[in-house]
Amino acid sequence: VTRVSDGAAVAIPGDATAGSLSLPPFTLSPGVRYRLLLHVNVRGSDLYKATDSVQVVGTVSRPVAAIAGGVERTAGRGQDLTLDGTVSFHPDFAPGNQAAAGMTYFWECRAVALS
C-alpha cells in the first residue's frame, strides 16, 4: 500500500501473501488517497505474472458532539452547572487515539421559552 500524495509505503497488517486482503479499522488515515497493488505470479516462473491496482480514499466523517448525562438539566440560580462535552468523538479515529483528531470545543448559551 502506498500513499498517492507522496508515494510512501504503508505497512499492511496481517498476511500480505494471501489471496485476499482485509484491512482492520483505522488502518487508513481519513482524507488520504492510497494505491493498493496486487501482484500475481505463477510459482517458479518469471514470465507469468500480472499486476492490478485500486485507489482507495480514507473516508472523512464529521465529529459527533455529545454532552454527558442526557439532554435536559435543572440548576438553581445560585448553583454551579458543569457540562461535560469530552464524551464527543471523531469516528475516523480509534477510541484510544481521539487526541489525534485535534477536536476543539466551543460552548454557547441561548435562552429558550419554557414549555
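Just so it is clear, the model here is predicted, and its values are computed rather than measured.

1. Quick look at the side chain of serine 88
- Mapped onto the secondary structure, serine 88 falls in the segment after strand E3 (49-57).
- Look at serine 88 and you get buried, because its relative accessible area is 12%.
- At 2.8 Å, the side chain of serine 88 and the backbone oxygen of glycine 85 are in polar contact.
- When residues no more than four places from it in sequence are discounted, the contact partners of serine 88 are Val64, Ala65, Ala66, Met103 and Tyr105.

2. Digging into the pattern of salt bridges
- Scanning the entire structure with this criterion turns up 1 salt bridge.
- Glutamate 108 is paired through a salt bridge with arginine 110; the nearest N and O atoms lie 3.1 Å apart.
- Judged by its relative accessible area of 52%, glutamate 108 falls in the exposed class.
- Take arginine 110: its relative accessible area is 64%, and that puts it in the exposed class.

3. Remarks on the environment of arginine 77
- Position of arginine 77 relative to the elements: it lies in the segment after E3.
- The class for arginine 77 is exposed, based on a relative accessible area of 89%.
- Between the C-alpha atom of arginine 77 and that of cysteine 109, which follows or precedes it by 32 residues, the distance is 15 Å.

4. Thoughts on the sheet that holds strand E1 (residues 2-3)
- Pairing is antiparallel in the open sheet, where 3 strands are placed in the order E1-E2-E3. Strands with a single pairing partner mark the edges of an open sheet, and in this sheet they are E1 and E3.
- Where E1 meets strand E2 (residues 33-41), 2 bridges bridge the pair, whose relative direction is antiparallel. Residue pairing across strands places threonine 2 opposite arginine 35, the latter belonging to E2.

5. Digging into the side chain of glutamine 98
- Within the secondary structure, glutamine 98 is located in the segment after E3.
- In this structure glutamine 98 comes out as buried when scored by relative accessible area, which is 18%.
- Side-chain polar atoms of glutamine 98 contact the backbone oxygen of alanine 94, separated by 3.4 Å.
- Beyond its immediate stretch of four places on either side in the chain, glutamine 98 contacts Phe89, His90, Phe93 and Met103.

6. Digging into the pairing of E2
- Two elements, E2 and E3, share 9 bridges in a ladder whose sense is antiparallel. Within E3, the position partnered with arginine 35 by the bridge is glutamine 55.

7. So, unusual backbone geometry
- Phi angles above zero are rare outside glycine, and phenylalanine 26 is one such case at about 70°.
- As for its position among the elements, phenylalanine 26 is in the loop between E1 and E2.

Thresholds applied
Residues numbered from 1 in each chain as written. Predicted model: local features only at pLDDT ≥ 70, side-chain atom pairs only at ≥ 80, totals over all residues. Heavy atoms only, no water. Helix = DSSP H or I, 4+ residues; strand = E, 2+ residues; numbered from the N terminus. Buried < 20%, exposed > 50% of the residue type's maximum accessible area, 1.4 Å probe, protein only. Polar contact = N/O pair within 3.5 Å; in protein donor to acceptor, adjacent residues only side chain to side chain. Contact = heavy atoms within 4.5 Å. Salt bridge = Lys/Arg side-chain N within 4 Å of Asp/Glu carboxyl O. Pairing = 2+ DSSP bridges.

These values are about where atoms sit, not about what they do.
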